[in-house]
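# Summary of the model geometry
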Amino acid sequence: MKKTTAAITAVGGYVPDFVLSNKVLETMVDTNDEWITTRTGIKERRILKEENAGTSFMAIKAAEDLLQKRGIEASEIDFVLVATATPDMPVASTAAYVASEIGAVNAFAYDLQAACSSFLYGMSTAASYIESGRYKKVLVIGADKMSSIIDYTDRTTCIIFGDGAGAVLFEPNEEGLGLQDEFLRSDGIGRQFLKIDAGGSILPASEETVKNKQHYVFQDGKSVFKFAVSNMADVSALIMERNNLTKDDVQWLAPHQANKRIIDATANRMGLEAEKVLINIDRYGNTTSATLPLLLYDFEKQLKKGDNIIFAAFGGGFTWGSIYLKWAYNS
Ligand code: UT7
């Protein structure tokens, strides 16, 4: 019997209108466009300014865009997964709210948190549900309102992150397209280098934690950079090797958009030409869980049925991995 694979059959996206450029950041902290561009590849990022709007606001927009493009009713969706490091609230499931708001009345929903690898892990989860035969339509949304956890007086983090959301639909495929292989890893040693100290069960919120700015992202950039460069390149090379893929067999690298230098190092290790590397970090910065689906959203028209895509991500925890996927449609 032919194996059922899990393919991406539609993509949606949303980024807020407000643009925060390097030039404007120059007026906020001691930095400059030249430093940000050469060290990270970022020129501008989007910031969600709507009042009382959280991550779900963007997730809903991305999901609605996808449903409209795919031409299906939300009631057909079996499962809604929201990959995010910035849920609307610490406890109530953001995914449950998103599912209800889009009208996915027959779905169950939950959030998945693995920092910048959330969407990559979410793809694996979605594909497993499809491959098992248990569900037919799985919506995976990667969304983060990073501006809600960034200290805009800290130049080491505020230049990096942005807000956005992307969504993909996974469905069964009988032509062997979709997710082919995955290599997922984690290492708890990483939490000292990239974290938010307070607001969790170890250090609940207090006047003190607010005063000490412990609810913002802390990153030891240099250390994270070292781990990210070697691990993202390693898993990308490994997944190629394991699937007997040469550089000519790979049409696209879809890498997490944390730093252009990390992306270049990964592409170099894979032997890929620059034209095969999907990049939008210059326009959005690091949107955490939204980087991978926003790449698909931006470059969808260039992706052709049968194209081999390697996804790779690295994030807080540490968490990282790669996924080999065959694209399933022409748009
Ligand atoms: O997505 C989750 C995973 N995260 C990542 O993968 C991020 C990994 N890390 C990075 O991308 C980079 O480490 C950063 C972009 C965060 C920093 O770049 P770097 O080349 O590692 O810079 P650095 O931290 O080594 O700092 C170099 C210098 C320092 O000055 P001194 O000590 O050499 O005088 C910093 O104080 O640059 C200074 N600096 C800045 N200068 C201007 C740090 N931030 C800035 C800034 N503008 N925004």
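Everything here concerns the structure above.
Residues numbered from 1 in each chain as written. Predicted model: local features only at pLDDT ≥ 70, side-chain atom pairs only at ≥ 80, totals over all residues. Heavy atoms only, no water.

### Examining the pattern of salt bridges
Note that side chains of opposite charge can pair when their charged atoms are close. Enumeration according to the criterion identifies 18 salt bridges in this entry. Notably, a salt bridge pairs K43 with D33, separated by 3.1 Å at the nearest N-O pair. Of this pair, K43 sits in the loop between α2 (33–40) and β3 (44–46) while D33 sits in helix α2; the two residues are 10 residues apart in sequence, bridging distant segments of the chain. When its relative accessible area of 36% is taken as the criterion, K43 is described as partly exposed. Of the charged contacts in the structure, one is a salt bridge between K195 and D197, with a shortest N-O distance of 3.3 Å. (Salt bridge = Lys/Arg side-chain N within 4 Å of Asp/Glu carboxyl O. Helix = DSSP H or I, 4+ residues; strand = E, 2+ residues; numbered from the N terminus. Buried < 20%, exposed > 50% of the residue type's maximum accessible area, 1.4 Å probe, protein only.)

### Regarding the sheet that holds strand β12 (residues 308–315)
The 4 strands lie next to each other as β8-β13-β12-β11, forming an open sheet whose pairing is mixed. Across the chains shown, the open sheet's two edge strands, defined by having one partner strand only, are β8 (178–186) and β11 (252–255). Strand after strand, the sheet turns through a mean of 15° between neighbouring axes, direction not considered. Sheet topology places β12 next to strand β13 (residues 319–326); 8 bridges connect them, and they run antiparallel. (Pairing = 2+ DSSP bridges. Axes fitted to C-alpha atoms, helices over the stretch in contact; angles between N-to-C directions.)

### Here we look at the sheet that holds strand β5 (residues 108–112)
Read from one edge of the open sheet, 5 strands run β1-β7-β6-β4-β5, paired in mixed fashion. Each having just a single partner strand, β1 (5–14) and β5 make up the two edges of the open sheet. Looking at each pair of strands side by side, their axes are set apart by 20° on average, direction ignored. The pairing of strand β4 (residues 79–83) with β5 spans 5 bridges and is classified as parallel. Within the sheet, the bridge partner assigned to A83 lies in β5 and is L112. Packed on one face of the sheet, helix α4 (residues 94–102) meets β4, β5 and β6 (138–145) and runs near 140° to β5. The strands touched by helix α11 (residues 291–299) are β1, β6 and β7 (163–173); relative to β1, the strand with the most contacts, the crossing angle is about 80°. (Contact = heavy atoms within 4.5 Å.)

### Quick word on helix α8 (residues 221–242)
Relative to the 32 Å expected for 22 residues at 1.5 Å per residue, α8 spans 31 Å between its end C-alpha atoms, a close match to the ideal helical length. Among all positions in α8, only S223, V224, A228, N231, M232, A233, V235, S236, A237, I239 and M240 are buried. N244, located one to two residues past α8, shows a positive phi value of around 50°. (Expected span 1.5 Å × (residues − 1).)

### A short note on the state of the cysteines
Under the defined criterion, the tally for this structure stands at 0 disulfides. You can see C158 has no disulfide; the closest cysteine sulfur is in C116, sitting 16 Å from it. C158 gets classed as buried once you look at its relative accessible area, which sits at 1%. (Disulfide = S-S within 2.5 Å.)

### Details of the packing of aromatic side chains
Summed over the entire model, instances satisfying the criterion amount to 14 aromatic pairs. Aromatic pair F79 and Y129: ring centres 4.9 Å apart, planes at 75°, arrangement edge-to-face. You can see F79 sitting in strand β4 and its partner Y129 sitting in helix α5 (residues 118–131), a full 50 residues away along the chain. Relative accessible area serves as the criterion here: at 19%, Y129 is assigned to the buried category. Relative to F318, the ring of F193 lies with its centre 6.0 Å away and its plane at 10°, an arrangement referred to as stacked. Taken together, the residues F193 in the loop between β8 and β9 (194–195) and F318 in the loop between β12 and β13 connect sequence positions 125 residues apart. The two residues F193 and F318 agree in class, both being buried. Here the aromatic residues F79, F108, Y110, Y129 and Y135 are joined through ring pairs into a cluster of three or more. It is R185 that lies over the ring of F183; its NZ or CZ is 4.2 Å from the centre. (Phe/Tyr/Trp six-rings, centres within 6.5 Å; stacked < 30°, edge-to-face > 60°. Lys NZ or Arg CZ within 6 Å of the ring centre and 35° of its normal.)

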